[in-house]
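What follows is the residue order along each chain.
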Amino acid sequence: MASRQQLSERDVSEQSAEEVGEEAMGPAAIASAASVGLSLYYFFIRGERQLGAFIGLWPPTILAFASYFNQRKMRNQLETITQPGTSLKNAFDSMMGNK
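Rules used throughout
Residues numbered from 1 in each chain as written. Predicted model: local features only at pLDDT ≥ 70, side-chain atom pairs only at ≥ 80, totals over all residues. Heavy atoms only, no water. Helix = DSSP H or I, 4+ residues; strand = E, 2+ residues; numbered from the N terminus. Buried < 20%, exposed > 50% of the residue type's maximum accessible area, 1.4 Å probe, protein only. Contact = heavy atoms within 4.5 Å. pLDDT = per-residue confidence, 0-100. Salt bridge = Lys/Arg side-chain N within 4 Å of Asp/Glu carboxyl O. Axes fitted to C-alpha atoms, helices over the stretch in contact; angles between N-to-C directions. Parallel < 35°, antiparallel > 145°, perpendicular 65-115°, else oblique.

Student: So what about the overall build of the protein? Which residues, and what values?
Tutor: Regarding its fold elements, the protein presents four helices and zero strands. Element order for the protein, N to C, with α for helix and β for strand: α-α-α-α. Counting every position in the protein, which comprises 99 residues, the buried fraction comes to 22%. Restricting to contacts in the protein with at least 6 residues of sequence separation, those with at least 24 account for 60%.

Here it is, written out as structure tokens:
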């Protein structure tokens, strides 16, 4: 059976993973949507089909970079929490940026 501290640490880590995901994907989602709009503009309105298709390839790349950096940040937070001898207060403070 898990102790109270282990359960609390699990809740804190789940919460921070959601916050990190929301934080990182906001600008990436906006940039991807803008890229799709720009791609449609060049493809249909300006008639520059090659440029429109090229710009249309940007959204997956932008989202892939955002996902990569999101995963790195979550891994670093998880490593901070799971270090031996880390108390719940210290782990929480480091995740919230108080340390």
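Picking up after the structure, the text goes on.
Student: Can you lay out the environment of I55 for me, pointing to particular residues and giving the numbers?
Tutor: Considering the arrangement of structural elements, one finds I55 in helix α2 (residues 49-56). Placed 15 residues apart in sequence, I55 and L40 show a C-alpha to C-alpha distance of 8.9 Å. In this structure, I55 is in contact with S35, L38, S39 and Y42, ignoring residues within four places of it in sequence.

Student: Lay out the confidence of the model for the protein with the relevant residues and their values.
Tutor: Confidence along the protein averages 79 in pLDDT terms, with 68% of residues attaining 70 or more. Ranking the helices and strands of the protein by mean pLDDT puts α2 first, with 97, and helix α4 (residues 88-96) last, with 70. Within the model, the stretch residues 1-7 combines pLDDT values under 50 with five contacts to residues more than four positions away or in other chains.

Student: Can you explain the pattern of salt bridges? Please cite residues and give values.
Tutor: Two side chains that carry opposite charge are able to pair once their charged atoms sit near each other. Summed over the entire model, instances satisfying the criterion amount to two salt bridges. The residue E48 makes a salt bridge to R46 at a minimum N-O spacing of 3.3 Å. Among the salt bridges present, the one from E79 reaches R75, with a minimum N-O distance of 3.7 Å. On the criterion of helical spacing, the pair formed by E79 and R75 is a turn pair, its members being four residues apart in helix α3 (residues 58-81). On the basis of relative accessibility, which here comes to 43%, the residue E79 falls in the partly exposed class.

Student: I'd like a rundown of the packing of α2 against α3, residues and numbers included.
Tutor: Closest axis-to-axis distance for the α2/α3 pair is 5 Å, and the angle between their directions is 20°. Accordingly, the angle class assigned to the pair α2 and α3 is roughly parallel. On α3, the residues that touch F54, I55 and G56 of α2 are W58, P59 and P60.

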